Amino acid sequence: MTTAQTKLVILNPEGKARAVKQTELARRIDRIEGKTIGVIDDGLSGSDYFMKGIQGLIEKTYPGSKAIYYPKPILSRPSPKEMLEQVANQCDAVIVGIGG
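Conventions and cut-offs
Residues numbered from 1 in each chain as written. Predicted model: local features only at pLDDT ≥ 70, side-chain atom pairs only at ≥ 80, totals over all residues. Heavy atoms only, no water. Patch = residues over 30% accessible without salt bridge, like charges linked within 9 Å, V, L, I, M, F, W, Y side chains within 5 Å. Areas by Shrake-Rupley, 256 points an atom, 1.4 Å probe, with all protein chains shown as cover. Salt bridge = Lys/Arg side-chain N within 4 Å of Asp/Glu carboxyl O. Helix = DSSP H or I, 4+ residues; strand = E, 2+ residues; numbered from the N terminus. Buried < 20%, exposed > 50% of the residue type's maximum accessible area, 1.4 Å probe, protein only. pLDDT = per-residue confidence, 0-100. Pairing = 2+ DSSP bridges. Axes fitted to C-alpha atoms, helices over the stretch in contact; angles between N-to-C directions. Contact = heavy atoms within 4.5 Å.

### Overview of a nonpolar patch on the surface
Phase 1: Together, L44, L75 and I98 give the surface a local cluster of nonpolar side chains, amounting to about 250 Å² of exposed area.
Phase 2: Relative to the helices and strands, L75 is located in the loop between β2 (66-71) and α2 (81-90).
Phase 3: Owing to a relative accessible area of 42%, L75 belongs among the partly exposed residues under this scheme.

### As for the confidence of the model for the protein
Phase 1: For the protein, mean pLDDT is 90; residues scoring 70 or higher make up 96% of the total.
Phase 2: Of all secondary-structure elements in the protein, the lowest mean pLDDT belongs to strand β3 (residues 93-97), at 93, while β2 reaches the highest, 97.

### Some words on the pattern of salt bridges
Phase 1: In this structure the tally under the stated criterion is 2 salt bridges.
Phase 2: Of the charged contacts, one joins K35 and D30 as a salt bridge, the two residues approaching to 3.9 Å between their closest N and O atoms.
Phase 3: Residue classification places D30 among the exposed residues on the basis of a relative accessible area of 66%.

### Observations concerning the sheet that holds β3
Phase 1: Across the sheet, which stays open at both edges, the 3 strands sit in the order β2-β1-β3 with parallel pairing between neighbours. Strand pairing shows two members of the sheet lacking a second neighbour, β2 and β3, which therefore form its edges. The mean angle between the axes of side-by-side strands here comes to 20°, regardless of whether they run parallel or antiparallel.
Phase 2: Sitting on the sheet, helix α1 (residues 47-61) is in contact with β1 (36-41), β2 and β3, with an inclination near 165° to β2.

Printed below as a string of structure tokens:
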């Protein structure tokens, strides 16, 4: 009678965190009244209703404010650089979200 030996490989599921350079948070605006707020819709199905609701709520609640809706073209990809540059040039603050 022969005995077969089985070799087991044990893996460690713990990951190793990379060192991350900390950056400062963006400066907060002092008020919303009179400001232009960008509303970026990340593109989840149905999120346009929610994010457009936020856009309307900002303009209704804060006199003189303007909210600009920006739909992200593809949910699973980062926002295009051109879109982010446009938002940065046109807006005082930005809300990014996924509703649905």
